[in-house]
Every structure is written in structure tokens, then in C-alpha cells.
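Here's the letter readout for the chains.
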Amino acid sequence: MPTIKETTIQMIHHVFPEYANSLGTFHGGRLMNWIMIIGGLAASRGAKGSTVLGTADSIDFINPVKIGEIVVLDSWVEYIGRSSLEIGVRVHSENPETGEKKFTTSSYLAYVAVDKDGKPRAIKEKITPADESEESIYLRAQKRREERLLQLTQKEEKANDIEDESAELSWKLETLRVVLPEDALWENLMSVGKLMMNIDETAAILAARFVRGVIVTGSIDNLYLYSPIRVGEVITLKAGLNYVGNTSLEVGIKLISEDLRTGKQRHTGTTYLNFIHIGEDGKPKPVPSFTPKTPTEIKHWQDAEERRKMRIERVKKIKKSATF
């Protein structure tokens, strides 16, 4: 049985201009895609077969990545249950000219081993912690798994929640995507990495429209996937402005998948993205004011305030522990 260290894999990418915004900053959606790819590779190795993402914990981007820099992603298996795996991912950037390294982000992902029909299957391999340090990582991952299971007890009920609240939103945007074979991870299931890029793009368009300027992704909150998305289906991404701070704003995204043959719709998941308004000097810039008026807008604002408090505390802890 492998130790946690023995499951570690690494991916290295160069940041090209096509991956960045007008200020030369790397797109968060692209990085989220890479995070899902390496997490999936680590999971598939550990499960000895195909896996799909079940949950992605919050991802906070601590330091920006620029064109010309190198992105290094490390991933490893922390815990293996009956059919699920807890995966860790850590990302840093490197300046190839100076050799300077900067911590970018880290995240925890939960994958499920599946058979050819997309149904959960048992995993024979297990993790054996090598020492006290790995034992601590293993136990924390086991605890996260237990907390995830509690969150997913109402999975079927949430998958059927396709209610549209956009009528009461002043700032909203809806985009549609057809899931093509090129979007699949394996068989006919959509790659979550591609989905994350779509999520970030839709939310970023709404955020940029509101500020009328350049924005960068600051973070994305937990994403629980209630229903798989298959090739041939259409996904609708419903974005709404939830909260506006001094230099940042939150956009919520609700994902709805539709089988065009039957017309059946499913709620795939809901997540929240925090964006920062950036000026030409590369520094945070004030955003326009916004006052929630409708009952839906007021509720979204209040919920977003609570997430903002948790996000601030989470980022403080990450920065404190982010060392090489």
C-alpha cells in the first residue's frame, strides 16, 4: 500500500499570452482547469481507473501569475475510502529569469471511482501513512470526507432544484454551452476542468460589465456537484451579482444541465466567485456602489457577507502557512 508521498505527481506549464488578461495576469479559470486535471490524474492513479470529481473545496488565489512565468502544480492522494479519494493540490509560480518562487494557491478535491456506466465502484488500494506527519494529513482528509458526506445527504433534492431567481436580480447574465466530445474527460462525461473555465468566464463577464474595467479572479467557493453533465447536453450558467465591497465583488453561478432529447433539466451545482477590480497600475481599484433592493437581492447580499467573513479568515490562514 502506498504512502501519501509515493502518490505525488507534478505538472509544469508555461504561461503564454493567450492565457492572460489585458494586464498580463493569468486567467483563474485556466488555472482551475489545470488543478482539476492534475487532481484527476492523481485520483485515477490511486483508484486504478476512471474517476470523476464530486467536490472541490474553495480555491483562493494568493499571488498573481504573469505571462512568461512557470506554473508548477503538485498533487497527491491523502485518503481513500470505499469508492472515493481525497486529493490535495498545491500550486506555485516561478520566474524563470530570477528563480523566484511564489505560492499561488492550494485546494482539496474529492473524486469518485466509477465504472464504464459512470456508477461508483470499490477501490482496492488504500493509503498507508509513512509517519506522524502523514498520519495527521490522513486524519484531516478523513474528517473532510465525513463533512462532505453530510453536505451530500440532500444531493437528489438539490439536483431537482431548477428554480430561476433571476427575475428579481438587477445584474445578471445567462450563457449556454453545448457539451461536445472534446469537452469530455472520458466516455461521455464532461470534464470538470472545462466546466470550471466556463464558470469563471461567465462570472467574469458579468463582473467586468458591472465595474466597466479589468477584473481578476480572487477565489471560488466550494463546489458540490449534484448531477453529472454528459456529452450532447446543454448547460445553462446563470450568473447574478450578490455583493459589492470596496474593490471586490461576488458573483453567484447556478448550473443547470438539460438533456435535449427529453427536455429533462438537472441542477448540477452552485458556486460563488470573488473578483477584484484592477487598475492600469495593477493595483486594486474601487468598484461602483450597489444597493440590493428586492427580497432576493437582500438575501443574496446577507449570505455573501457571511461568506466574505469566512473567506477573509481562510485567506489569512493560508498566507500564514504558505511557505516553501
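Chains are numbered independently. Their residues run from 1 in the order of the written sequence. Note on the predicted model: pLDDT of at least 70 is required for a residue's local features to be given, and 80 or more for side-chain atom pairs to be given and counted; whole-chain, interface and lining totals, by contrast, use all residues. Side-chain measures were taken over the full set of non-hydrogen atoms in the model, leaving aside hydrogen atoms and water.

## Remarks on helix H5 (residues 295–321)
The condition that has to hold: Numbering of helices and strands runs from the N terminus; a helix is a DSSP stretch of H or I covering at least four residues, while a strand is a stretch of E covering at least two. The span expected for a helix works out to 1.5 Å for each residue beyond the first. Three exposure classes are used, based on accessible area relative to the maximum for each residue type with a 1.4 Å probe and protein chains only: buried under 20%, partly exposed in between, and exposed over 50%. Residues are treated as being in contact if the distance between any of their heavy atoms lies within 4.5 Å.
End to end, H5 covers 40 Å across 27 residues, agreeing with the expected 39 Å (1.5 Å per residue, within 8%). Considered for burial, the residues of H5 that qualify are Thr296, Glu297, His300, Trp301, Ala304, Arg307, Arg311, Val315 and Ile318. Among the structural elements, strand E3 (59–60), strand E6 (101–113), strand E10 (214–220), strand E12 (234–244), strand E13 (248–258) and strand E14 (265–278) are those in contact with the buried residues of H5.

## Structural notes on the environment of Asp115
Topologically, Asp115 is positioned in the loop between E6 and helix H2 (132–151). Here Asp115 falls in the partly exposed class, since its relative accessible area comes to 29%. Setting aside residues up to four positions removed in sequence, Asp115 forms contacts with Arg121 and Trp186.

## Looking at the nonpolar core
Operational definition: Residues enter a nonpolar core if they are buried and are Ala, Val, Leu, Ile, Met, Phe, Trp, Tyr or Cys, with the set joined through side-chain atoms within 4.5 Å.
Counting 71 residues, the largest nonpolar core has Met36 and Ile199 as its most contacted members. Top contributing element to this core by residue count: helix H4 (residues 192–211), with 10 residues. Sequence-distant contacts of Ile199, defined by excluding residues within four places in its chain, comprise Ile220, Leu223, Leu237, Ile253, Leu255, Thr271 and Leu273.

## Thoughts on the environment of Arg140
Examined against the element boundaries, Arg140 turns out to sit in helix H2. Classification of Arg140 as partly exposed rests on a relative accessible area of 46%. Linking Arg140 and Tyr79, residues 61 residues apart in sequence, is a C-alpha distance of 9.1 Å.

## Concerning the packing of aromatic side chains
Just so we agree on the cut-off: The aromatic pairing rule takes the rings of Phe, Tyr and Trp, using the six-membered ring of Trp, and pairs them if the centres are within 6.5 Å, calling planes under 30 degrees apart stacked, those over 60 edge-to-face and the rest tilted. Should the NZ of a Lys or the CZ of an Arg lie within 6 Å of a ring centre and within 35 degrees of the ring normal, that charge is described as sitting over the ring.
Scanning the entire structure with this criterion turns up 9 aromatic pairs. Three or more aromatic residues joined by ring pairs form one cluster here, namely Trp171, Phe210, Tyr243, Phe290 and Trp301. Lying over the aromatic face of Tyr108, Arg144 brings its terminal NZ or CZ to 3.8 Å of the ring centre. Its end group placed over the ring of Tyr272, Arg307 keeps NZ or CZ at 3.6 Å from the ring centre.

## Topic: H4
Helix length check: H4 (20 residues) gives 28 Å between terminal C-alpha atoms against 28 Å at 1.5 Å per residue, within 8%. One or two steps after H4, the chain reaches Arg212, where phi turns positive at roughly 55°.

## Looking at the confidence of the model for the protein chain
Note the threshold: Think of pLDDT as the predictor's per-residue confidence, scored from 0 to 100.
Per-residue pLDDT for the protein chain has a mean of 92; in total, 99% of the residues score no lower than 70. Highest mean pLDDT in the protein chain belongs to strand E4 (residues 70–80) (98); lowest belongs to helix H3 (residues 155–159) (77).

## Considering the sheet that holds E13
Backbone-to-backbone hydrogen bonds pair the strands of a sheet. The strands run either parallel or antiparallel. For clarity, the threshold we go by: Following DSSP output, two strands are said to pair if at least two bridges run between them.
Strand order in the open sheet made by the 6 strands is E3-E10-E14-E13-E12-E7, with antiparallel pairing throughout. Both edges of this open sheet fall to E3 and strand E7 (172–178), since each of them pairs with a single strand only. Here E10 pairs with E14 via 6 bridges, running antiparallel. Among the inter-strand pairings, Ile220 is bridged to a residue of E14, identified as Leu273.

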